[in-house]
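Below, each chain spelled out in residue letters.
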Amino acid sequence: MKTLVKELFIQRIEKASRGGHTITNVFDGDTLELIPGNKYKKRFDALLKSSLLEVSNILVGCEHNGTRFTEMQYMNNDAAGMTKIAMCLLKIRATLSITPMSPFILDLKMFAAYNFGIELLNIVEEPENSDLAFPTISAVE
C-alpha cells in the first residue's frame, strides 16, 4: 500500500507541476521512507487511509441492506490514479492466492478469489453545437 500511495503522490506532484503549482513530496527520494515532519506524515496518512478504503471496497464490494455491490464505475477525466489502484489490487490478489490458508484470512482469500468489475469512464469535453449536426432522416410511411 505504501508503494501505491507513493505512486499516487508522485502523480499529484506531476499534475500540480503541469498546472504551475508546487507540492512537496512526502517521500525521501526514491525510498518509501517519509521525510521528517508531522505535516508530511498527516498528508501520507490521509492518502493511505483513503487508498485502503478504496482498495478494500473494490476487493470485497460494498454491502447495503443485505445487497452486495460488486461492480464499480469511476467517472473521471484522468484514469491514471484508478489504474494504479487496480494494479495494486491485482498484486494483493496474487499475494493472497499464494498465502498459506489461515483462519484469520479465510474470508479475505475467498473475496480475493472473485474479480469484481471495475469500469473506468473517461469524461470528454462536450462537443460544439456544430459537431452535433445529424443528417435529417425522413420517416417511411
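See above for the structure.
So, here is what we can say about the structure in this document. If you're wondering where the values come from, they're calculated on a predicted model, not measured in any experiment.

Let's talk about the layout of surface pockets
- Size it by volume and the largest pocket reaches roughly 270 Å³.
- Every residue lining the largest pocket is counted, 14 residues in all, and those nearest its centre are L8, Q11, D78, G81 and M82.
- Secondary-structure elements contributing two or more residues to the lining of the largest pocket are α1 (2–18), α2 (38–60) and α3 (80–98).
- Here the residues of the lining of the largest pocket sort into four nonpolar, six polar and four charged.

Section: the pattern of salt bridges
- Enumeration according to the criterion identifies one salt bridge in this entry.
- When the shortest N-O distance is used, the salt bridge between K41 and D45 registers 2.9 Å. Remark: D45 and K41 occur in helix α2; sequence separation between them is four residues, near one turn of the helix.
- Judged by its relative accessible area of 40%, K41 falls in the partly exposed class.

Topic: a nonpolar patch on the surface
- Residues M101, L106 and M110 make up a contiguous nonpolar surface patch of roughly 300 Å² in combined accessible area.
- The residue L106 is located in helix α4 (residues 106–112) in this model.

A word on the packing of α2 against α3
- It is the contact of α2 with α3, at a shortest axis distance of 10 Å, that shows an interaxial angle of 60°. The angle between the axes of α2 and α3 places the two elements in the oblique class. Viewed along their axes, α2 and α3 form a crossing whose handedness is right-handed. Together, E54, V55, I58 and L59 of α2 and M82, I85, L89, I92 and R93 of α3 make up the contact between the two elements.
- Across the contact of α2 with α3, the residue classes break down as seven nonpolar, no polar and two charged.

Calculation notes
- Residues numbered from 1 in each chain as written.
- Predicted model: local features only at pLDDT ≥ 70, side-chain atom pairs only at ≥ 80, totals over all residues.
- Heavy atoms only, no water.
- 1 Å grid on protein atoms, 1.4 Å probe; cavity = no way out; pocket = protein on both sides within 12 Å on 5 of 7 lines; lining within 4 Å.
- Points joined across faces, edges and corners; volume = space filled by probe spheres on them.
- Helix = DSSP H or I, 4+ residues; strand = E, 2+ residues; numbered from the N terminus.
- Nonpolar A, V, L, I, M, F, W, Y, C, P; charged D, E, K, R; others polar.
- Salt bridge = Lys/Arg side-chain N within 4 Å of Asp/Glu carboxyl O.
- Buried < 20%, exposed > 50% of the residue type's maximum accessible area, 1.4 Å probe, protein only.
- Patch = residues over 30% accessible without salt bridge, like charges linked within 9 Å, V, L, I, M, F, W, Y side chains within 5 Å.
- Areas by Shrake-Rupley, 256 points an atom, 1.4 Å probe, with all protein chains shown as cover.
- Axes fitted to C-alpha atoms, helices over the stretch in contact; angles between N-to-C directions.
- Parallel < 35°, antiparallel > 145°, perpendicular 65-115°, else oblique.
- Left-handed = near helix turned anticlockwise from the far one by under 90°.
- Contact = heavy atoms within 4.5 Å.

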